[in-house]
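Structural overview for review
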Amino acid sequence: DARVTQTPRHKVTEMGQEVTMRCQPILGHNTVFWYRQTMMQGLELLAYFRNRAPLDDSGMPKDRFSAEMPDATLATLKIQPSEPRDSAVYFCASGFRQGSNYEQYFGPGTRLTVT
Amino acid sequence: AQSVTQLDSHVSVSEGTPVLLRCNYSSSYSPSLFWYVQHPNKGLQLLLKYTSAATLVKGINGFEAEFKKSETSFHLTKPSAHMSDAAEYFCVVRPGNFNKFYFGSGTKLNVKP
């Protein structure tokens, strides 16, 4: 049963520290999405990739957030420096884009708390 | 413009009674439509999808949804609610050949014993 994996599952850090979240998409999937979920804002799209190329990162605060796909099996989301308002659950999702048959599969999320 | 409106932020039903979660969408292109469920402290799980085949779509756990183009709706139903259905449900649209998915704001379903 193929699944998207995310590490760490929980992270508590102090304001100003760097945070790196990792995602392993389902093998063979060619799109990867990063979302942030908070009580106030709901689900927000931060960035997404197709075939490892970033297609849209307009949802990310550019001064502190960065997203990369070093290879097809790893996507990373970094926050530097972190701030308390970054506290949220960060979800990674992957999918295989081929014609109209295209859906997303979500990982379990990384719960980030910045104090 | 592309958007998704979930008409109810909270729905409460009694166990064994029908469930109706409403979703309307706006899409400039023929859409694909999805429903996801999120249980507390969990990720999102795909319930069902519509991708231009049959307009009545059956999903997991007894849920189904009907695509009504004339009403731009994709409501989620289940004949008989179970306690384990208590969760948050998200309606999602992907317009045409877009890469992006557009999420509704979610509906929290409460199931009373």
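A brief structural summary.

Conventions and cut-offs
All residue numbers refer to position in the chain's written sequence, counted from 1. Ligands are numbered from 1 and chains lettered from A, in the order in which they are written. Reporting in this predicted model follows two pLDDT cut-offs: at least 70 for local features of residues, and 80 or more for side-chain atom pairs to be given and counted; totals over whole chains, interfaces and linings ignore these cut-offs and use all residues. Working from all heavy atoms in the structure, the side-chain values ignore hydrogens and water. We call two residues contacting when some pair of their heavy atoms lies within 4.5 Å. Throughout this description, the term salt bridge denotes a Lys or Arg side-chain nitrogen within 4 Å of a carboxyl oxygen of Asp or Glu. We call two N or O atoms a polar contact when they sit within 3.5 Å, provided that within protein one can donate a hydrogen and the other can accept it, with sequence-adjacent residues counted only if both atoms are side-chain atoms. Strands here are runs of E lasting at least two residues and helices are runs of H or I lasting at least four, both read from the DSSP assignment and numbered beginning at the N terminus. Residues are grouped as follows: nonpolar covers Ala, Val, Leu, Ile, Met, Phe, Trp, Tyr, Cys and Pro; charged covers Asp, Glu, Lys and Arg; every other residue, Gly included, is treated as polar. DSSP calls a pair of strands paired once it identifies at least 2 bridges connecting them. Here the axes come from fitting lines to C-alpha atoms, over the contacting stretch only for helices, and the angles between their N-to-C directions go from 0 to 180 degrees. Only protein chains enter the accessibility calculation, which uses a 1.4 Å probe; a residue whose area is less than 20% of its type maximum is buried, one above 50% is exposed, and one in between is partly exposed. Note on aromatic pairs: the rings of Phe, Tyr and Trp (six-membered ring only in Trp) are paired at centre separations within 6.5 Å, and the planes decide the class, stacked below 30 degrees, edge-to-face beyond 60, tilted for the rest. In these notes, a set of buried Ala, Val, Leu, Ile, Met, Phe, Trp, Tyr and Cys residues joined through side-chain atoms within 4.5 Å is what counts as a nonpolar core. Pairs of cysteine sulfur atoms within 2.5 Å are identified as disulfides in what follows.

1. Some points on the interface of chain A and chain B
Across the boundary between the two partners, chain A contributes 22 residues, which contact 20 residues of chain B. The tally of links between chain A and chain B comes to 2 salt bridges. Here K49 of chain B ties to E103 of chain A by a salt bridge, and the two come within 2.5 Å at their closest N and O atoms. Across the chain A-chain B interface, the total number found is 5 residue pairs in polar contact (both at pLDDT 80 or more). Put simply, the parts of the chain that give the side of chain A that touches chain B at least two residues each are β4 (31-38), β5 (42-50) and β6 (53-56) of chain A. Ranked by residue count, the leading element in the side of chain A that touches chain B is β5 of chain A, at 4 residues. Here the residues of the side of chain A that touches chain B sort into 11 nonpolar, 6 polar and 5 charged.

2. With respect to the sheet that holds strand β1 (residues 5-7) of chain A
The strands making up a sheet are joined through hydrogen bonds of the backbone, oriented either antiparallel or parallel. Residue and element names in this part refer to chain A. With antiparallel pairing, the 4 strands of this open sheet are ordered in space as β1-β3-β8-β7. What marks the edges here is a single partner per strand, and that holds for β1 and β7 (65-71). With direction set aside, neighbouring strand axes in the sheet form an average angle of 20°. Direction of pairing for strand β3 (residues 19-24) relative to strand β8 (residues 74-79): antiparallel, over a ladder of 5 bridges.

3. Describing the pattern of salt bridges
Residues and elements named next belong to chain A. Across all of its chains, the model carries 10 salt bridges over all chains by this definition. Between R36 and E44 there is a salt bridge, with its nearest N and O atoms 3.2 Å apart. Here R36 falls in the buried class, since its relative accessible area comes to 12%. Given the relative accessible area of 23%, E44 is considered partly exposed.

4. Brief notes about the pairing of strand β2 (residues 10-14) of chain B
All names here are of chain B. Here β2 shows one buried face, formed by V11 and V13, and one open face, formed by H10, S12 and S14. As paired elements, β2 and strand β12 (residues 107-112) share 5 bridges and run parallel to each other. The residue bridging V11 from the neighbouring strand is L109, located in β12.

5. Overview of the packing of aromatic side chains
Per the counting criterion, the structure on display carries 17 aromatic pairs over all chains. Taking 5.6 Å as the distance between ring centres and 75° as the angle between the ring planes, the aromatic pair formed by F33 of chain A and F101 of chain B counts as edge-to-face. Of this pair, F33 of chain A sits in strand β4 while F101 of chain B sits in the loop between β10 (87-95) and β11 (102-103), each in a different chain. Judged by relative accessible area, which is 0%, F33 of chain A ranks as buried. The class for F101 of chain B is buried, based on a relative accessible area of 3%. With 5.2 Å between their ring centres and 70° between their planes, Y35 of chain A and F103 of chain B make a pair best called edge-to-face. Taken together, the residues span two chains, with Y35 of chain A in strand β4 and F103 of chain B in strand β11. Like F103 of chain B, Y35 of chain A is buried.

6. Considering the side chain of T76 of chain A
Position of T76 of chain A relative to the elements: it lies in strand β8. Aside from chain neighbours lying at most four places away, what touches T76 of chain A is M21, R22, W34, S66, A67 and E68 of chain A.

7. Section: the nonpolar core
Generally speaking, nonpolar side chains in soluble globular proteins are found buried as a group. W35, L48, L76 and Y89 of chain B are the most contacted members of the largest nonpolar core, which has 26 residues in total. With 4 residues, the top contributor of residues to this core is β10 of chain B. Excluding residues that lie within four positions of it along the chain, L48 of chain B makes contacts with L33, F34, W35, V57, K58, G59, F63, E64, A65, F74 and L76 of chain B. Judged by nonpolar contacts, the second largest core, of 22 residues, contains C23, F65, I79 and C92 of chain A.

8. So, the state of the cysteines
Residues and elements named next belong to chain A. Applying the stated criterion across every chain, the model contains 2 disulfides over all chains. Covalently, C23 is tied to C92 through a disulfide, its sulfur atoms 1.9 Å apart. Between C23 and C92, the S-S dihedral sits near -60°, and the bridge is therefore left-handed. One end of the pair, C23, is in strand β3; the other, C92, is in strand β9 (residues 88-95), and 69 residues separate them in sequence. Residue classification places C23 among the buried positions, given a relative accessible area of 1%.

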